[in-house]
Amino acid sequence: MIGVLALQGDVREHQRALADCGMRSTLVRRREELAEVDALILPGGESTTMSRLLATFDLMQPLRARLAEGMPAYGSCAGMILLCREVLDGQPEQRQLAMLDAVVRRNAFGRQVDSFEADLDFAGLAGGPVRAVFIRAPWIEQAGLGVEVLARVPDMPAAGSAAGRIVAIRQGCVLATAFHPELTGDRRVHQLFCEMVQESSGAAQKQAPGRTQVRACR
Amino acid sequence: MPAENSNVQRQVGTARVKRGMAEMLKGGVIMDVVTPEQARIAENAGAVAVMALERVPADIRAQGGVARMSDPDMIAGIMDAVSIPVMAKARIGHFVEAQVLQALGVDYVDESEVLTPADEAHHIDKFAFTVPFVCGATNLGEALRRISEGAAMIRSKGEAGTGDVVEATRHIRSIWAGIRSLAAMRPEELPAVARELNAPLELVCEVAAAGSLPVVLFTAGGIATPADAAMMMQLGAEGVFVGSGIFKSGDPAKRAEAIVKATTFYDDPAMVAKVSRGLGEAMAGINLSDLPTGQRLAQRGW
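First, a word on scope: everything that follows refers to the structure included in this document.

About the criteria used
- Residues numbered from 1 in each chain as written.
- Chains lettered and ligands numbered in written order.
- Predicted model: local features only at pLDDT ≥ 70, side-chain atom pairs only at ≥ 80, totals over all residues.
- Heavy atoms only, no water.
- Helix = DSSP H or I, 4+ residues; strand = E, 2+ residues; numbered from the N terminus.
- Rg over C-alpha atoms; globule rule 2.2 N^0.38 Å.
- Buried < 20%, exposed > 50% of the residue type's maximum accessible area, 1.4 Å probe, protein only.
- Contact = heavy atoms within 4.5 Å.
- Areas by Shrake-Rupley, 256 points an atom, 1.4 Å probe, with all protein chains shown as cover.
- Axes fitted to C-alpha atoms, helices over the stretch in contact; angles between N-to-C directions.
- Left-handed = near helix turned anticlockwise from the far one by under 90°.
- Arc of directions from axis to C-beta.
- Polar contact = N/O pair within 3.5 Å; in protein donor to acceptor, adjacent residues only side chain to side chain.
- Core = buried A, V, L, I, M, F, W, Y, C linked by side-chain atoms within 4.5 Å.
- Pairing = 2+ DSSP bridges.
- Buried area = accessible area lost by both parts, 1.4 Å probe.
- Salt bridge = Lys/Arg side-chain N within 4 Å of Asp/Glu carboxyl O.

## What to know about the overall build of chain B
Reasoning step 1: Within chain B, the regular secondary structure consists of 13 helices and nine strands.
Reasoning step 2: A compact globule built from 302 residues would reach a C-alpha radius of gyration of about 19 Å, and chain B, at 19 Å, matches this within 12%.
Reasoning step 3: In chain B, buried positions account for 60% of the 302 residues.
Reasoning step 4: The long-range fraction of contacts in chain B, counting pairs at least 24 apart against all pairs at least 6 apart in sequence, stands at 66%.
Reasoning step 5: Accessible area for chain B stands at about 11,500 Å²; split by element, carbon and sulfur atoms hold 50% of it.

Right, dumping it as structure tokens:
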């Protein structure tokens, strides 16, 4: 069962995308609910609001612990911000889950009038470019050596200051996009995450019983 | 990176980008603020956005006079103070105020009945803008007319500046009752209803098929307590605007945070009870029934 963090944001769109991929999903707002899920999506929304509610409702530590055990996670936009090690242009109080060795810049493309959509090549996804919707989106300013870069804004003059910026990454079981695949009908990114979840649960079953689950994804 | 198939041209202001912005606000609280300090209090309390304005609706009511778009300096000050989205209000039909707000870089324009209308026949052509618009509605027909003009988000109007939730309740119920009734109809019944609603048939068919509006639906106008916010969410609002209810109360920071929590846990009475304790005075408010018809803001717009 995949959980969708439901403190705030476009939760229903992620649930719909998972349903289209044939996966059941459930809402996560409490520690007990977090304990029940095998994987978690952190949706788009307002990262300062989510960060604050994670702290207020004592979800930060348990979520970090689950992620450290190797629970697969996918964050879009605000979710990506929460998963990164460090955030630029955030609030001083903003707290990070720090599961991705990457520095993320909040509202990097500008304000809402600069929000846009464009086609992106996405490593490992067959079937041509992905239509990506960026809404007051972040980008990855710096990615560590263990981080796989999956998509960038095309490095062409038309892309302006955004040219070549990293907008999709993966590190082990954790996937993150600066854009919102849940807002388009294209389910390939969610399909990729579902495959990561299945891989991870397959690998966990092969381990000796009683042992803590270790990072199962590559 | 290969780019032969790629449309690297950035497309701004598409319906998906405008409506998508509202999707990201769902489950959240948007707070009216009149100073950068209030904006920071709102951000720290977990607001998903702030509405920058010169006077909260309760003061507009008390002071009277023509209510217009806020001073650009004041809006810019609030935009500099916080990192969350900043919305601002333009008068109904005042497309130049909206142009000014877009030029300032605000994240959403509220074409609002709280300000004095500038046009008695025409709302703003919202398709002409890159910045998205939220508009008020008291019923389904009004919501669909605003969407057909390009609104990317709807809020039920309620009665702003009263602290009385009764109109918010009436309007959110009315919008959802309209949607449910459409969803239950046979296809050949929809054209007659579209005429009755005075809304485009295409949009009526879309709502009937989906069982929901094609844009996000928030509520506004009279929300003053965590329980008010939770009731609106249970009645089908996807998020809450709080105007005078926070900064006209005894302890704004605490009340703001409590309303945020109650909006997230709207279906958990124990949590709503917990966050409702020790908040101090709510805004005094005005009973809607004491308000002369001529002073009701929800009647502005059509």
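## Some thoughts on the packing of helix 6 (residues 140-148) of chain B against helix 9 (residues 201-210) of chain B
All names here are of chain B.
Reasoning step 1: Across the interface, helix 6 lies against helix 9 with an axial gap of 10 Å and an inter-helix angle of 115 degrees. Regarding helix 6 and helix 9, the two cross each other, and that crossing is right-handed. Residues Leu144, Ile147 and Ser148 of helix 6 form the contact with helix 9, whose own contacting residues are Leu203, Val204 and Val207.

## A short note on helix 4 (residues 72-81) of chain B
Residue and element names in this part refer to chain B.
Reasoning step 1: Residues Met74, Ile75, Ile78, Met79 and Ala81 constitute the buried set of helix 4. Taken around the axis of helix 4, the buried residues stretch over an arc of 165 degrees, which confines them to a single face. Of the exposed residues in helix 4, those oriented more than 90 degrees away from the buried face are Asp73 and Asp80.
Reasoning step 2: Near the N-terminus of helix 4, the side chain that reaches the backbone nitrogen of aspartate 73, with its oxygen 3.0 Å away, is that of aspartate 71.

## Quick notes on unusual backbone geometry
All names here are of chain A.
Reasoning step 1: One non-glycine residue with positive phi stands out, namely aspartate 89, at about 60 degrees.
Reasoning step 2: Positionally, aspartate 89 belongs in the loop between strand 5 (84-88) and strand 6 (100-105).
Reasoning step 3: Assessed through its relative accessible area of 47%, aspartate 89 is described here as partly exposed.

## As for the nonpolar core
Reasoning step 1: One finds A:Phe122, A:Phe134, A:Val167, B:Leu144 and B:Ile154 to be the most contacted residues of the largest nonpolar core, which totals 150 residues.
Reasoning step 2: Membership of the second largest hydrophobic core comes to 22 residues, among which are A:Val133, B:Met21, B:Met51 and B:Phe218.

## A short note on the pairing of strand 6 (residues 133-137) of chain B
Regular strands place side chains that alternate from one sheet face to the opposite one.
All names here are of chain B.
Reasoning step 1: Counting buried positions over the five residues of strand 6 gives five, a clear majority of the element.
Reasoning step 2: Neither face of strand 6 is exposed, since Phe133, Cys135 and Ala137 on one face and Val134 and Gly136 on the opposite face are all buried.
Reasoning step 3: Relative to strand 6, strand 5 (residues 108-112) is paired through three bridges, and the arrangement is parallel. The residue of strand 6 that forms the bridge with valine 109 is phenylalanine 133.
Reasoning step 4: Inspection of the sheet shows strand 6 paired to strand 7 (residues 153-156) by four bridges, in the parallel sense.

## Some details on the interface of chain A and chain B
Reasoning step 1: Facing the 50 residues of chain A at the interface are 51 residues of chain B.
Reasoning step 2: For the pair chain A and chain B, the two sides together bury roughly 4,200 Å², of which 53% comes from carbon and sulfur.
Reasoning step 3: Sorting the residues of chain A by area buried against chain B places A:Arg111, A:Gln112 and A:Val113 first, and these three jointly supply 15% of that buried surface.
Reasoning step 4: The tally of links between chain A and chain B comes to eight salt bridges.

## What to know about the pattern of salt bridges
All names here are of chain A.
Reasoning step 1: Throughout the structure, instances matching the rule amount to 34 salt bridges over all chains.
Reasoning step 2: Among the ionic pairs, aspartate 119 bridges to arginine 131, the shortest N-O distance being 3.1 Å. Taken as a pair, aspartate 119 in strand 7 (residues 116-120) and arginine 131 in strand 8 (residues 130-134) lie far apart in primary sequence, twelve residues in all. In this pair, the class of aspartate 119 matches that of arginine 131, namely buried.

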